[in-house]
Amino acid sequence: METVLRRFDARDYLRILTKRKWFVIMVALAAMVIGGLYTVSYPKTYKAAAVVIIRRQGQPIIWVGDPNVQGPQREDLALQTQARIAASIDCADAAAKELANRTAGDDIHVSGQEIAASINATPNDPDLLRIEAVHRDNRYAIEFANEVAKEFVRKSLQLRQVESTAAKQFLDEAMRRARDMLDEAQGAAAAYQEQIGIVMPEDEPRGAVEQLRAYEAQLEEAQTALAAVQSDIAVLQGQLAHTPGFRTVKHEAPNPERQGKLEQLQQAQMQLVQLRARYTDNWPAVQQLKDQIEALQAEIARLPETITQTTVEPETEQANLRHELVSARRQLATGQARVRNLTATVARLKAQKQTMPAKLAHLRRLLDRVDLAKISYQNVQAQLENARL
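Note that the structure is a prediction, hence the values are computed from the model and not measured.

(A) Summary view of the overall build of the protein. Within the protein one finds eleven helices and five strands. Residues counted as buried form 27% of the 389 residues belonging to the protein. If you take every contact in the protein between residues at least 6 apart in sequence, the share linking residues at least 24 apart comes to 77%. Approximately 27300 Å² of the protein is accessible, and the part contributed by carbon and sulfur atoms is 54%.

Now the structure itself:
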């Protein structure tokens, strides 16, 4: 009988849920309990806010920037400036001193950095400044917000008393800080660029890859040439092993024995001429010399004029093979040194390629920091120019 498969429908799922309902209920309850415990155990964070009313200044200003973009009004820029003052480290330091030295209530000993990190000042149109403090301690959040608001009001009163001079000094200090921050960011980026040798981050990865490929091609070419030289050396060594160092040469040379007999014959003939000048042919000495001459002539006639001699000479082919082998070994040493240098270079470039993403990411962060410092410097410069106007 053939089995027919059917698809699950809603009733099947409902039947499964009904069958395992207690398991589903237990899982849901466990998730609720765990979530509740996590919510209860998670440290609480409190936020306190103080609202300050800023006196509006509806005077127009000169906009420094794109002429096609409509510039803000003076009160907007004033609110932004007041927000920067409220969130500045100066107000935070003063608030920390007041909290530590106050006579009413418990002293709170905190640093200005901690207060500044918890403060956020937000301008609300048209003339409100909201100062918020976030802290894990409810009392600290309230005290931070109230004390920073009080210090901001005191500083605002001081600024109104010496309105133009104080604002200019504050903006000058902000200008100096922004300039120092920009110089520091540019110096850090330039030093890191000099350290890692990357001048143009956009083109450096492509150039590094092309350089690595070029050196890898050179390494492959050098290895191929080295293998060819090693093969040539093996062939030359085989040829040299089967090539004799010397060779025997046969050639015809005058017979030394016959040459000696000829010299004896010439001497005997000379003596015969001298004896004939004094004696007749029948003189015993003359007759004896003539017999000697005839014997010498017969012996000379019997001896061959030349004989075959064998000489041993150095083999020129072996000398040539030795010269070629010495030259090949020199090429082998040169090729091995080149392969070692290229291998080290390729390994160094691969290591640089592996670390380049991290270096480029760090460099981009430094360059982004430079851009942010430039924007901050330009904003402070524009505010200072507006304050002067």
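What follows picks up the thread again.
(B) Highlighting the side chain of His135. Mapped onto the secondary structure, His135 falls in strand β3 (residues 128-135). Among the polar contacts made by the side chain of His135, one reaches the main-chain amide nitrogen of Asp137 at a distance of 3.0 Å. Setting aside its immediate chain neighbours within four residues, His135 contacts Thr45, Tyr46, Glu114, Tyr140, Ala141 and Phe144.

(C) Representation of a nonpolar patch on the surface in the model. A surface patch of nonpolar side chains, amounting to about 590 Å² of accessible area, comprises Trp22, Ile25, Met26, Leu29 and Met32. Relative to the helices and strands, Ile25 resides in helix α2 (residues 21-41). You can call Ile25 partly exposed: its relative accessible area is 37%.

(D) Layout of the sheet that holds β3. One open sheet holds the three strands; their spatial order is β1-β3-β2, and the pairing between them is antiparallel. Because the sheet does not close on itself, it has two edges, and the strands there are β1 (46-53) and β2 (119-124). Adjacent strand axes in the sheet meet at a mean angle of 20°, parallel and antiparallel pairs treated alike.

(E) Spotlight on the packing of helix α9 (residues 256-276) against helix α10 (residues 284-302). As a packed pair, α9 and α10 sit with axes 9 Å apart at the nearest point and diverge in direction by 155°. When the interaxial angle is binned, α9 and α10 end up roughly antiparallel. For the element pair α9 and α10, the recorded crossing hand is left-handed. Facing Glu257, Arg258, Lys261, Leu262, Gln264, Leu265, Ala268, Gln269, Gln271, Leu272, Leu275 and Arg276 of α9, the residues of α10 in contact are Ala285, Val286, Leu289, Lys290, Ile293, Leu296, Gln297, Glu299 and Ile300. The residue inventory of the contact of α9 with α10, partitioned by class, reads eleven nonpolar, four polar and six charged.

(F) Looking closely at the nonpolar core. Of all hydrophobic cores here, the largest spans 30 residues; its most connected members are Val52, Ile115, Ile119, Leu129, Ile131, Phe144 and Phe152. For this core, the secondary structure elements donating two or more residues are β1, α3 (74-86), α4 (89-101), β2, β3, α6 (138-161) and α7 (163-196). Element by element, the count of residues in this core is highest for α6, at seven residues. Setting aside residues up to four positions removed in sequence, Phe152 forms contacts with Val52, Ile54, Gln82, Ile85, Ala86, Cys91, Leu129 and Ile131. Listed in part, the 16 residues of the second largest apolar core include Leu219, Ala222, Val339 and Val346.

(G) Structural view of the pattern of salt bridges. Going through the model one piece at a time under the given rule, you end up with eight salt bridges. Measuring nitrogen to oxygen at the nearest pair gives 2.9 Å for the salt bridge that ties Asp180 to Arg176. Highlighted residues: Asp180 and Arg176, both in helix α7, separated by four residues, approximately one helical turn. A residue is classified by how much of its surface remains accessible, and Asp180, at 36% relative accessible area, is partly exposed. Among the residues examined, Arg176 registers a relative accessible area of 37% and is labelled partly exposed. Here the salt bridges share partners, and the residues they tie into one network are Glu147, Glu151 and Arg154.

(H) Focus on the environment of Gln223. Tracing the chain through its elements places Gln223 in helix α8 (residues 204-241). For Gln223, a relative accessible area of 41% puts it in the partly exposed group. Along the backbone, Gln223 and Val339 are 116 residues apart, and their C-alpha atoms lie at a distance of 6.5 Å.

(I) Up close: the pairing of β2. With six bridges connecting them, β2 and β3 associate as antiparallel partners. Paired with Asn124 across the two strands is Leu128, which belongs to β3.

(J) Highlighting the confidence of the model for the protein. On average, the protein scores 77 in pLDDT, and the residues at 70 or more come to 81%. In this model residues 58-77 is a low-confidence stretch, pLDDT under 50, and it forms 20 contacts with partners more than four residues away in sequence or in other chains.

(K) Focus on the packing of aromatic side chains. All told, the structure shown has one aromatic pair when counted by the stated rule. Measuring from ring centre to ring centre gives 5.7 Å for Tyr140 and Phe144, while their planes differ by 50°; the resulting arrangement is tilted. Separated by four residues within a single helix, Tyr140 and Phe144 lie in helix α6, roughly one turn from each other. Like Tyr140, the residue Phe144 is buried in the burial classification.

(L) How the structure looks around the environment of Gln269. Inspection of the secondary structure puts Gln269 in helix α9. The class of Gln269 is partly exposed, set by a relative accessible area of 36%. Aside from chain neighbours lying at most four places away, what touches Gln269 is Ile293 and Gln297.

(M) Expanded view of the environment of Glu173. Turning to its location among the elements, Glu173 is positioned in helix α7. Judged by relative accessible area, which is 28%, Glu173 ranks as partly exposed. Along the chain, Glu173 and Val380 lie 207 residues apart, while their C-alpha atoms are 9.9 Å from each other.

The rules behind each value
Residues numbered from 1 in each chain as written. Predicted model: local features only at pLDDT ≥ 70, side-chain atom pairs only at ≥ 80, totals over all residues. Heavy atoms only, no water. Helix = DSSP H or I, 4+ residues; strand = E, 2+ residues; numbered from the N terminus. Buried < 20%, exposed > 50% of the residue type's maximum accessible area, 1.4 Å probe, protein only. Contact = heavy atoms within 4.5 Å. Areas by Shrake-Rupley, 256 points an atom, 1.4 Å probe, with all protein chains shown as cover. Polar contact = N/O pair within 3.5 Å; in protein donor to acceptor, adjacent residues only side chain to side chain. Patch = residues over 30% accessible without salt bridge, like charges linked within 9 Å, V, L, I, M, F, W, Y side chains within 5 Å. Salt bridge = Lys/Arg side-chain N within 4 Å of Asp/Glu carboxyl O. Pairing = 2+ DSSP bridges. Axes fitted to C-alpha atoms, helices over the stretch in contact; angles between N-to-C directions. Parallel < 35°, antiparallel > 145°, perpendicular 65-115°, else oblique. Left-handed = near helix turned anticlockwise from the far one by under 90°. Nonpolar A, V, L, I, M, F, W, Y, C, P; charged D, E, K, R; others polar. Core = buried A, V, L, I, M, F, W, Y, C linked by side-chain atoms within 4.5 Å. pLDDT = per-residue confidence, 0-100. Phe/Tyr/Trp six-rings, centres within 6.5 Å; stacked < 30°, edge-to-face > 60°.

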